[in-house]
Amino acid sequence: MRPARPRQSHAGGGPPLTYVRLGERPLRRLPQLFAGLALYGFSLAVMVRAALGINPWSVLYEGLERHTSLSFGTISGLVGALVLLLWIPLRQRPTFGTVANIVVLAFSADLGLWLLPADLGLPGRIALLVGGIPLNGLAVAVYVGARCGPGPRDGLMTGASALTGRSLRLVRTLIELTVLAVGWLLGGGVGVGTVAYALTVGTVTQFCLPLCAYRTPAERATAPTG
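Residues numbered from 1 in each chain as written. Predicted model: local features only at pLDDT ≥ 70, side-chain atom pairs only at ≥ 80, totals over all residues. Heavy atoms only, no water.

1. Structural notes on the overall build of the protein chain
The helix and strand inventory of the protein chain stands at 10 helices and 0 strands. In the protein chain, the succession of α and β elements from N to C terminus is α-α-α-α-α-α-α-α-α-α. Taking 2.2 N^0.38 as the reference for a compact globule, 226 residues should give roughly 17 Å; the C-alpha atoms of the protein chain span a radius of gyration of 17 Å, in line with that estimate. Projected onto its principal axes, the C-alpha positions of the protein chain cover 50 × 40 × 30 Å. Out of the 226 residues in the protein chain, the part that is buried amounts to 46%. Restricting to contacts in the protein chain with at least 6 residues of sequence separation, those with at least 24 account for 79%. (Helix = DSSP H or I, 4+ residues; strand = E, 2+ residues; numbered from the N terminus. Rg over C-alpha atoms; globule rule 2.2 N^0.38 Å. Buried < 20%, exposed > 50% of the residue type's maximum accessible area, 1.4 Å probe, protein only. Contact = heavy atoms within 4.5 Å.)

Here it is as structure tokens:
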């Protein structure tokens, strides 16, 4: 069985984002993958330290952190591993990028939380939020653009969309609303940052993806010029 392929494409002028085998130009793509994942984990830490509201999955991690002795990053890794179990009925298959997503995010998020102070005043927290959201959007574009396979949460969304025939937007919305609600009930931080993230991160990612997406030789040869 081949690895799961995200449903994004370059229709409408967007960059190609389907899975590309790991053996193709690894020295070009792997550094991009690891840099993007590390930046993503750090951006999560930035938004947590802002304490003005975080993205839905981080709300869940923070909520679980309140009820366990585990760190934020460790919980993100464990949740990612558990999400992979849901891939089985969806007939999804993890890739190197999927595993790297779990491991690198866990370490980089905890490292960011260790480096960033937790007692900033409101101006500092606003600055972290304003910087953290675009940093997160850029990070998504960098690691997705490496085309090494979806992360656990992305694969869950694309797999569920393919199985049910529902749009990716609808499936993603339902999953993230569910995750947000559970995280909020567990005490995770929901606030203006959560809304700001939902409204802006997609735009940042879409803007950055054409600059970050790896293109195969065949795709470069057939790309429109001018």
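2. Details of the pattern of salt bridges
The tally for this structure, following the rule as stated, stands at 2 salt bridges. In this structure, E219 engages R147 in a salt bridge whose closest nitrogen and oxygen atoms are separated by 2.7 Å. You can see E219 sitting in helix α10 (residues 217–222) and its partner R147 sitting in the loop between α6 (122–145) and α7 (152–164), a full 72 residues away along the chain. Given a relative accessible area of 3%, R147 falls into the buried group. (Salt bridge = Lys/Arg side-chain N within 4 Å of Asp/Glu carboxyl O.)

3. Looking at helix α3 (residues 72–85)
With 14 residues, α3 should cover 20 Å at 1.5 Å per step; its first-to-last C-alpha distance of 21 Å lies within 8% of that length. Taken together, the buried positions of α3 are F72, G73, I75, S76, G77, V79, G80, V83 and L84. Packed against the buried residues of α3 are α1 (26–50), α2 (56–65), α4 (87–90), α5 (96–115) and α7. (Expected span 1.5 Å × (residues − 1).)

4. Looking at the packing of α7 against helix α8 (residues 168–185)
Two elements in contact, α7 and α8, have axes separated by 9 Å at closest approach and are oriented at 125°. Between α7 and α8, the crossing angle belongs to the class labelled oblique. The way α7 lies across α8 gives a crossing that is right-handed. Residues D154, L156, M157, T158, A160, S161 and T164 of α7 pack against L168, V171, R172, I175 and E176 of α8. Split into classes, the residues belonging to the contact of α7 with α8 amount to 6 nonpolar, 3 polar and 3 charged. (Axes fitted to C-alpha atoms, helices over the stretch in contact; angles between N-to-C directions. Parallel < 35°, antiparallel > 145°, perpendicular 65-115°, else oblique. Left-handed = near helix turned anticlockwise from the far one by under 90°. Nonpolar A, V, L, I, M, F, W, Y, C, P; charged D, E, K, R; others polar.)

5. Some thoughts on the side chain of T95
With respect to the helices and strands, T95 occurs in the loop between α4 and α5. For T95, a relative accessible area of 6% corresponds to the buried category.

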